[in-house]
Amino acid sequence: MSSAEAPRSSQSDLVARLKAGDEDAAHEFFDRYAARIRRFIANSLGADAADTDDLLQETFIALADALPFFRGDSSLFTFACAIAHRKVLSLIRTNARRARLMRAAPIDEDASTPAPDAGASREFRRALAQLRPEYREVLILKYVEEIAISEIARILRLGEHAVESRLARARKAIRKSLKEEP
């Protein structure tokens, strides 16, 4: 039976199979979570999502290396998102250093390029892309990925109150940005 035909296993069974090096389990994990993790990475990066697929691959490689340390305190998706979050932050820091060294234009110079959507959605995407990465990321986790505050706190390695504060500041920033649109 191919991995596409195989029934979905429970998370604990999937983790055990992954830790044992089961290739079908790796395919099942990828099929189950890759699209969501890719979307999280792309949205976290904002307008310049050219590095999304590279970071997705790096995330899965790092996940394979970190799997022996997964204790099950959170969901496997949360664990993978925490790894993706660190990969995104690392890329953002690297790009910022390069920009400073080269005295280049800001990384988000293409943020004003409209998304392929129309009307209000385009304005919203533009406002979202212009947010600070930590604001954009927390909004995506909460409202796109629909992750609970406690899980977001684990992903971002913050306290729940810090996540709630960041969410409030992010909502305020996006409202302000949308009001300033022409």
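Note that the coordinates shown come from a computational prediction; the quantities given were computed from them, not determined experimentally.

Draft legend 1. Structural view of the overall build of the protein. Summing up its helical and strand segments, the protein has eight helices and zero strands in all. Each helix and strand of the protein, ordered N terminal to C terminal, gives the series α-α-α-α-α-α-α-α. Long-range pairs, those at least 24 residues apart, make up 55% of the contacts in the protein between residues at least 6 apart in sequence. Just so you have it, the protein exposes about 10,700 Å², and 52% of that area is on carbon and sulfur atoms.

Draft legend 2. Structural context of the pattern of salt bridges. The tally for this structure, following the rule as stated, stands at ten salt bridges. When the shortest N-O distance is used, the salt bridge between Arg17 and Asp13 registers 3.7 Å. Of this pair, Arg17 and Asp13 both sit in helix H1 (residues 11-19), four residues apart, roughly one helical turn. Judged by its relative accessible area of 34%, Asp13 falls in the partly exposed class. We note a salt bridge from Asp22 to Arg17, for which the minimum N-O separation is 3.1 Å. For Asp22, a relative accessible area of 27% translates into the label partly exposed. Salt bridges here are not isolated pairs; linked through shared partners, they connect Asp13, Arg17, Asp22, Glu28 and Arg32.

Draft legend 3. Fine view of the environment of Ser177. Relative to the helices and strands, Ser177 is located in helix H8 (residues 160-179). As a C-alpha pair, Ser177 and Gln130 span 47 residues in sequence and 8.2 Å in three-dimensional space. What Ser177 contacts, discounting residues up to four positions off in sequence, is Ala127 and Gln130.

Draft legend 4. Focus on unusual backbone geometry. The phi dihedral of Glu146 falls on the positive side, at around 55°, and the residue is not glycine. The topology assignment puts Glu146 in the loop between helix H6 (133-144) and helix H7 (149-156). Residue Arg157 is not a glycine yet carries a positive backbone phi of 60°. Secondary-structure assignment places Arg157 in the loop between H7 and H8. The exposure class of Arg157 is exposed, given its relative accessible area of 62%.

Draft legend 5. Seen up close, a positive patch on the surface. A contiguous patch of positive charge on the surface is contributed by Lys172, Arg175, Lys176 and Lys179. Among the secondary structure elements, Lys172 is positioned in helix H8.

Draft legend 6. Structural view of H6. With twelve residues, H6 extends 15 Å between its outermost C-alpha atoms, agreeing within 8% with the 16 Å of an ideal straight helix rising 1.5 Å per residue. Inspection of H6 places Tyr135, Arg136, Glu137, Val138, Leu139, Ile140 and Leu141 among the buried residues, and these make up the whole buried set. At the C-terminal side of H6, Glu146 shows a positive phi close to 55°.

Draft legend 7. Summary view of the packing of H7 against H8. Contact pair H7 / H8: the axes reach a minimum separation of 8 Å and the direction vectors enclose 100°. What the angle tells us is that H7 and H8 run roughly perpendicular. Facing H7, whose interface residues are Ile149, Ser150, Ile152, Ala153 and Leu156, H8 presents Glu160, Val163, Glu164, Arg166 and Leu167. Within the contact of H7 with H8, the residues separate by chemical class into six nonpolar, one polar and three charged.

Draft legend 8. Local environment of the packing of H6 against H7. With their axes 10 Å apart at the nearest point, H6 and H7 run at an angle of 140° to one another. Looking at the two axes, H6 sits oblique to H7. In the packing of H6 onto H7, the handedness of the crossing is right-handed. Two secondary-structure elements touch here, H6 through Glu137, Val138, Leu141 and Lys142 and H7 through Ile149, Ile152, Ile155 and Leu156. Of the residues in the contact of H6 with H7, the class split is six nonpolar, no polar and two charged.

Criteria and thresholds
- Residues numbered from 1 in each chain as written.
- Predicted model: local features only at pLDDT ≥ 70, side-chain atom pairs only at ≥ 80, totals over all residues.
- Heavy atoms only, no water.
- Helix = DSSP H or I, 4+ residues; strand = E, 2+ residues; numbered from the N terminus.
- Contact = heavy atoms within 4.5 Å.
- Areas by Shrake-Rupley, 256 points an atom, 1.4 Å probe, with all protein chains shown as cover.
- Salt bridge = Lys/Arg side-chain N within 4 Å of Asp/Glu carboxyl O.
- Buried < 20%, exposed > 50% of the residue type's maximum accessible area, 1.4 Å probe, protein only.
- Patch = residues over 30% accessible without salt bridge, like charges linked within 9 Å, V, L, I, M, F, W, Y side chains within 5 Å.
- Lys, Arg positive; Asp, Glu negative; His and termini not counted.
- Charge placed at Lys NZ, Arg CZ, Asp CG, Glu CD.
- Expected span 1.5 Å × (residues − 1).
- Axes fitted to C-alpha atoms, helices over the stretch in contact; angles between N-to-C directions.
- Parallel < 35°, antiparallel > 145°, perpendicular 65-115°, else oblique.
- Nonpolar A, V, L, I, M, F, W, Y, C, P; charged D, E, K, R; others polar.
- Left-handed = near helix turned anticlockwise from the far one by under 90°.

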